[in-house]
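# Residue-level structure breakdown
Residue strings, one per chain:
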Amino acid sequence: MKSFFLLVIITLSMSVYSQKVFSVKYESQADIKVFVVDYESQADLLVYKVSYESQAGKNDGKWFFVKYESQADKKIYFVDYESQADLKIYFVKYESQAGWRNKSKQYLMY
């Protein structure tokens, strides 16, 4: 019985910090406004888009884009101008490159 509760707690804690995101159509629907920068050095967060939900990271830049809003941990809106953004991201080619460059913004994705 103890192992069952331990398993439930571990499962719940993993889902709380997973990075399942949904891109909303309107700014008012978003938890976070995001701007995609042109250069890695300009970003707060380096993001790698994973192929499967199980590969999503724990606030480490590995994002899985879900099909439905209700599945997401965070709803994001892509803004047109850097000054409108809460978070600046850069999409990287390799999983090992993902991560925070500006840790002061890390709270935005919890």
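### Side note on the pairing of strand 4 (residues 62–65)
- Where strand 1 (residues 20–23) meets strand 4, 2 bridges bridge the pair, whose relative direction is parallel. By the bridge assignment for strand 4, Lys 20 is matched with Phe 64.
- Pairing of strand 3 (residues 45–49) with strand 4 involves 2 bridges; the strand directions are parallel. The residue of strand 4 that forms the bridge with Lys 49 is Trp 63.

### As for the confidence of the model for the protein chain
- Mean pLDDT over the protein chain: 87, with 84% of residues reaching 70 or higher.
- Confidence over residues 5–17 falls short of pLDDT 50; this stretch has 6 contacts with residues more than four positions distant or in other chains.

### Some points on the side chain of Gln 106
- Tracing the backbone shows Gln 106 in the segment after strand 7 (99–100).
- Owing to a relative accessible area of 18%, Gln 106 belongs among the buried residues under this scheme.
- If we skip the residues at most four places from it in the chain, Gln 106 touches Asn 59 and Trp 100.

Rules used throughout
- Residues numbered from 1 in each chain as written.
- Predicted model: local features only at pLDDT ≥ 70, side-chain atom pairs only at ≥ 80, totals over all residues.
- Heavy atoms only, no water.
- Pairing = 2+ DSSP bridges.
- Helix = DSSP H or I, 4+ residues; strand = E, 2+ residues; numbered from the N terminus.
- pLDDT = per-residue confidence, 0-100.
- Contact = heavy atoms within 4.5 Å.
- Buried < 20%, exposed > 50% of the residue type's maximum accessible area, 1.4 Å probe, protein only.

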